[in-house]
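Residue-level listing of the chains:
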Amino acid sequence: MAKQPMLKFVTVERDMPTKRDADVRNKDFDEIYAEYATAKAEEQASRCSQCGVPYCQSHCPLHNNIPDWLRLTATGRLEEAYNVSQATNTFPEICGRICPQDRLCEGNCVIEQSGHGTVTIGSVEKYITDTAWEKGWVQPVQPNSERSESVGIIGAGPGGLAAADRLRRAGVQVTVYDRYDRAGGLLTYGIPGFKLEKDVVMRRIDQLEQGGVTFKMNCTVGEDISFADIRAAHDAVIIATGVYKTRDLSGPGSDAAGIVRAIDYLTCSNRLSFGDTVAEFESGELNAAGKKVVVIGGGDTAMDCVRTAVRQGAESVKCLYRRDRANMPGSQRETQNAEEEGVVFEWLAAPKGFEGNPVSGVQVQRMRLGQPDASGRQSPEVIEGADYLEDADLVIKALGFEPEDLPTLWGEPELEVTRWGTVKAEFTTGATAMDGVYAIGDIVRGASLVVWAIKDGRDCADAIVDRFNNTAAVAAE
């Protein structure tokens, strides 16, 4: 029988308190919660059926050994569970918080498919890694021996950091270049703190620095340093810039004040959580307090924006999406969370134009789903004569991201890109047509999940180490 979680309560019915009552009253809340959390993690982990075909593992991009660390957790062997989890995932506590488990591991749990509710894999993953940090089981990277080869990584997001970790464990010298003042990329500035606490990200950055990774921040390639100089300074280079170019809106009034980009809005909010002073927030430009907020888009970034606006004290928050709920690209779990927090979703609704400057309203046109396109997805069609005006003091564009024109920005016409602007690279190794140059993550895949960037970073790092080993072997012959 599964072990049931135990909570300790102080009884108040007796006239004279006992010594046990006093002990419980004086017991630290965190200690009581830790007992409950451990019991809950063990209970959930014990529900794993240890099925012959672990669909949870096969549907995880990293192919984490989920059944193994669940079994260890169920028997209270948390340190071993952490070690198994860490072996295949560089940042398990981050994935446990932000991965769309409902579309990946948990959504393919055999117990979930049999109608008995999924094992809460993400929560257990988060718990065992947080416990590992608290207990001191997470140590700085310590390679067995140092190597002379060096790798330059452009971009300090999840892919770049995963590659840096893997390379340092192999003894390779690593320098990370990033345009922002703090490492982490979207983990730091793109994802709200209520989903991913920033100290969780910063302690991983500290771990990498303590392990010998050099970070060069506030460094924009093409301005502060050239791509050619980075190539000359290292034996290999990894491009891990992500995609930050915002898809824009068209229509009358789309350039009005009060219409802002999602990345600017989220970055501002996250900077505030670090204690930074942000002029655009102080002026009200990126502050939703007391405003009627309209977010345009249906992905996870849109969900981050609507939920941030609620927390900033918006008068109302609405989300416009041109398809229906079933076709929404964002996590259904996130959508449900937003609805519970008071966000109103206007399905099959798209902006046609904007009123006022600063913006005072969105001209909305009603849509219907037409015939499926080549991918099988139904295309939205305008319903003529069904327009209406949605009041708005702040409009946030969350329409997705596209790659920047790196060959032009970096003065590197030899860097091959696809017709979508993503860098051409092998998916297995990240190798490009330029000798010693690799590319990983969103700049290759297009806007995707953090877990895929982590996988790309790890695979690319392993490919580079293999290349270094092969080169050394040939030289020794």
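Residues numbered from 1 in each chain as written. Predicted model: local features only at pLDDT ≥ 70, side-chain atom pairs only at ≥ 80, totals over all residues. Heavy atoms only, no water.

A. Region of interest: the sheet that holds strand S1 (residues 150–154). Here we have five strands laid out as an open sheet, ordered S3-S2-S1-S4-S16, and parallel in their pairing. For this open sheet the edge positions go to strand S3 (214–216) and strand S16 (437–439), each flanked by a neighbour on one side alone. Here the strands of the sheet are splayed against their neighbours by 20° on average, with no regard to which way each runs. Note that strand S4 (residues 236–239) and S16 share three bridges and pair parallel. For Val237, the partnering residue across the bridge sits in S16 and is Val437. Across the sheet, helix H19 (residues 450–476) touches S1, S4 and S16, and the angle it forms with S4 is around 170°. (Pairing = 2+ DSSP bridges. Helix = DSSP H or I, 4+ residues; strand = E, 2+ residues; numbered from the N terminus. Axes fitted to C-alpha atoms, helices over the stretch in contact; angles between N-to-C directions. Contact = heavy atoms within 4.5 Å.)

B. Fine view of the nonpolar core. One finds Leu70, Val151, Ile153, Leu167, Ile238 and Ile464 to be the most contacted residues of the largest nonpolar core, which totals 62 residues. In terms of residue count, H19 provides more of this core than any other element does, eight residues in total. The residues contacting Ile464, other than those within four sequence positions of it, are Val151, Leu167, Ala236, Ile238 and Tyr438. Residues Ala262, Ala302, Val306 and Cys319 belong to the second largest nonpolar core, which totals 27 residues. (Core = buried A, V, L, I, M, F, W, Y, C linked by side-chain atoms within 4.5 Å. Buried < 20%, exposed > 50% of the residue type's maximum accessible area, 1.4 Å probe, protein only.)

C. Helix H13 (residues 262–273), seen in detail. Relative to the 16 Å expected for 12 residues at 1.5 Å per residue, H13 spans 17 Å between its end C-alpha atoms, a close match to the ideal helical length. Buried within H13 we find Ala262, Ile263, Tyr265, Leu266, Thr267, Cys268, Asn270 and Arg271. Residue Gly275 follows H13 closely and has a positive phi angle near 90°. (Expected span 1.5 Å × (residues − 1).)

D. The sheet that holds strand S7 (residues 292–296), seen in detail. Here five strands make up an open sheet; going across it, the order is S6-S14-S7-S8-S9 and the pairing parallel. Edge strands, defined here as strands with exactly one partner in the open sheet, are strand S6 (259–261) and strand S9 (344–347). Strand-to-strand twist of the sheet, defined as the mean angle between neighbouring strand axes without regard to direction, takes the value 25°. Where H13 meets the sheet, it contacts S6 and strand S14 (394–397), and its direction lies at approximately 75° from that of S6.

E. Molecular detail of the side chain of Gln312. Looking at where Gln312 falls in the secondary structure, it is placed in the loop between helix H15 (300–311) and strand S8 (316–321). Here the side chain of Gln312 touches Tyr265 through a polar contact of 2.8 Å, side chain to side chain. In terms of polar contacts, Gln312 uses its side chain to reach the backbone amide nitrogen of Ala288, at 2.9 Å. Those residues in contact with Gln312 that lie beyond four places of it in its chain are Tyr265, Ser269, Phe281, Leu286, Asn287, Ala288 and Ala289. (Polar contact = N/O pair within 3.5 Å; in protein donor to acceptor, adjacent residues only side chain to side chain.)

F. Representation of the environment of Asn327 within the structure. By secondary structure assignment, the location of Asn327 is in the loop between S8 and helix H16 (332–340). Along the sequence, Asn327 and Leu369 sit 42 residues apart, while their C-alpha atoms lie 10.0 Å from each other. Not counting the four nearest positions on each side in its chain, Asn327 is found in contact with Tyr321, Leu369 and Arg377.

G. Structural context of helix H8 (residues 121–135). Helix length check: H8 (15 residues) gives 21 Å between terminal C-alpha atoms against 21 Å at 1.5 Å per residue, within 8%. When we look at burial in H8, the residues that qualify are Ile121, Gly122, Val124, Glu125, Tyr127, Ile128, Thr129, Asp130, Thr131 and Ala132. Just downstream of H8 lies Gly136, where phi reads positive at about 80°.

H. Inspection of the packing of aromatic side chains at higher detail. A complete count under the given rule lists five aromatic pairs for this structure. On the numbers, 5.1 Å between centres and 15° between planes, the contact of Phe227 with Trp410 is stacked. On the criterion of sequence distance, the pair formed by Phe227 in helix H12 (residues 227–233) and Trp410 in the loop between helix H17 (406–409) and S16 is long-range, its members being 183 residues apart. Ring centres of Phe345 and Trp347 lie 5.0 Å apart, and the angle between their planes is 10°; on these two criteria the pair is classed as stacked. Assessed through its relative accessible area of 10%, Phe345 is described here as buried. For Trp347, a relative accessible area of 21% puts it in the partly exposed group. Through a chain of ring-to-ring contacts, the aromatic side chains of Tyr180, Tyr189, Tyr244 and Phe274 assemble into a single cluster. The ring of Phe274 carries the charged tip of Arg182 above its face, separated from the ring centre by 4.0 Å. We note Arg311 situated over the ring of Phe194; from NZ or CZ to the ring centre the distance is 3.8 Å. (Phe/Tyr/Trp six-rings, centres within 6.5 Å; stacked < 30°, edge-to-face > 60°. Lys NZ or Arg CZ within 6 Å of the ring centre and 35° of its normal.)

I. View of the pairing of S9. Across four bridges, the pairing between S8 and S9 is parallel. Each bridged residue has a counterpart across the sheet, and for Leu320 the counterpart in S9 is Glu346.

J. The packing of helix H4 (residues 66–74) against helix H5 (residues 78–88), seen in detail. At a closest axis distance of 8 Å, the pairing of H4 and H5 adopts a crossing angle of 170°. As judged from the angle between their axes, H4 and H5 are roughly antiparallel. Side by side, H4 and H5 meet where Asp68, Trp69, Leu72 and Thr73 of the first sit next to Leu78, Glu80, Ala81, Val84 and Ser85 of the second. Classifying every residue of the contact of H4 with H5 gives five nonpolar, two polar and two charged. (Parallel < 35°, antiparallel > 145°, perpendicular 65-115°, else oblique. Nonpolar A, V, L, I, M, F, W, Y, C, P; charged D, E, K, R; others polar.)

So, to be careful, I would describe these as geometric facts and stop short of saying anything about function.
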